[in-house]
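Breakdown of the fold
Chain residues, written in single-letter form:
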Amino acid sequence: MTDEQTTTPAKDADETTDGGTTSIAYTIDYDDAPAISIDGTSGIEELAEELDDSADTTADDTTAATDGDTTDTTDDAGNATAATTSPTADDAASVSASVSATLDKESRHSDADDAVFRAYPMLAFDGVGVDDRKTHEHIWDDLTLRCEAGRSYGILVDSDDDRRHNTLVALLTGFLMPTRGRVLTKTTSFADLSPLELRGHRIGAILAMWPLRRELSAADNLIYTMDASGRNFLKPIPVVAQDLLRAVGFTDSADSDTADSADDSAAIATADHARTRVRDLDAVDASRVAVARAIATDPDIIVADEPTAALDGDDATTILDLLCAQLHTDTKARTVIVVTADPQVAAQLDETIDLR
């Protein structure tokens, strides 16, 4: 899945000097892409040129008629006026037709315009390659993909190749930098970001091996993550942790009826259940906490490695739906990426990227 971007041609610069001050005027040359107009300016430029031509033609005709016979009668002057007025009307009709044709052409090229102005992807691999340090074997080579904001992606990997699987997850989360190529978030390379900025602000990860700290409670897992991120929060961090747990549906099942009856009851039920250590939670509740931890720092990208591996069919669907529910917030659109060897899991996301 490779997307190619076009760049504008080089710029020509003209320098002028006025009183010791040098100013540089830049002119952008779009001759290499004549079929693509920028914000519809090609139509405006054509209209301006034709109006200028029309005005020049009218002025020349009027001057010629005046110089040719200055002793014409009033009727002759009226005929001369009519003669110059009629071509002007024809020119106006011609300009109108030209504008209409230009607008039609602009509408036909709307897809090309969208391609020019499309935002940079939230996450992209640009010719990424990773080599084994000992054997120099290519683990990944020339890997190119893009993931947009507001979309969920299932990346399919070979179930029999754990090395490629784990390497891909490490690249997506910034734990490993590529041997060749770049991993980008919008226009910024992962290599240019500190680990704190990358995994404390930009990326929320749900790793298959260590999705949570099992010795901590559900709430303490979130508090630990938010403290370590260095971010500022509008509410006290313990309060934010409880809000996040409620948002992912983490309540004691025994108190679920009470929790649904009132907000205060829901808060109490969540707070009580949140003190349970992760190692004592069932699989679906632990998965809910993992999702809450991933979004605790309000990241742009969520990367989940086999988030449903320990879940049955219904619970797996619940967690995938919960992940997809994180795509849109009041302030941003996120990207959700699920790395899996299960085609059925990948099929439940917006798009599938098959790397097998």
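To keep things clear, this report deals only with the structure shown in the data block.

Reading the values: the criteria
Residues numbered from 1 in each chain as written. Predicted model: local features only at pLDDT ≥ 70, side-chain atom pairs only at ≥ 80, totals over all residues. Heavy atoms only, no water. Pairing = 2+ DSSP bridges. Helix = DSSP H or I, 4+ residues; strand = E, 2+ residues; numbered from the N terminus. Axes fitted to C-alpha atoms, helices over the stretch in contact; angles between N-to-C directions. Contact = heavy atoms within 4.5 Å. Core = buried A, V, L, I, M, F, W, Y, C linked by side-chain atoms within 4.5 Å. Buried < 20%, exposed > 50% of the residue type's maximum accessible area, 1.4 Å probe, protein only. Parallel < 35°, antiparallel > 145°, perpendicular 65-115°, else oblique. Left-handed = near helix turned anticlockwise from the far one by under 90°. Nonpolar A, V, L, I, M, F, W, Y, C, P; charged D, E, K, R; others polar.

Once that is clear, we can look at the sheet that holds strand β9 (residues 301-305). Sheet architecture is open: five strands sit in the order β8-β9-β10-β5-β11, paired in parallel fashion. Looking at which strands have only one partner, the edges of the open sheet turn out to be β8 (203-206) and β11 (351-354). Neighbouring strand axes in the sheet, compared pairwise and without regard to direction, differ in orientation by 20° on average. When β8 meets β9, the two strands line up parallel, connected through four bridges. If you follow G204 over to β9, its bridge partner there is I302. Each of β8 and β9 is contacted by helix α5 (residues 195-202), which is oriented at about 75° to β8, the strand it contacts most. Here helix α10 (residues 283-295) sits on the sheet and contacts β8 and β9; the angle it forms with β8, its principal contact strand, is near 160°.

Further remarks concern the nonpolar core. If you look at soluble globular proteins, the nonpolar side chains tend to sit buried side by side. In this structure, L245 and L323 are the most contacted members of the largest nonpolar core, which totals 39 residues. Of all the elements in the fold, those that place two or more residues in this core are α6 (218-229), α7 (237-247), α10, β9, α11 (313-324) and β10 (335-340). It is α10 that provides the largest number of residues to this core, a total of eight residues. Ignoring sequence-local partners within four residues, the contact set of L323 consists of I206, V291, I302, A304, P307, V336 and V338.

What follows is about the packing of α6 against α7. Viewed as axis vectors pointing N to C, α6 and α7 meet at an angle of 125°, and their least axial separation amounts to 9 Å. Judged on the interaxial angle alone, α7 and α6 are oblique. When you trace α6 past α7, the crossing you get is right-handed. Across from A218, A219, L222, I223, M226 and D227 in α6, the residues of α7 making contact are I237, P238, V240, A241, Q242, L244 and L245. Tallied by class, the residues present in the contact of α6 with α7 amount to 11 nonpolar, one polar and one charged.

Another aspect to go through is the packing of α6 against α10. Look at α6 against α10: their axes get within 9 Å of each other, and the N-to-C directions meet at 20°. Considered as vectors, α6 and α10 are oriented roughly parallel to each other. Crossing handedness for the pair α6 and α10: right-handed. Contacts between α6 and α10 involve A218, N221, L222 and T225 from the first element and V289, A292 and R293 from the second. Here the residues of the contact of α6 with α10 are counted per class, giving four nonpolar, two polar and one charged.

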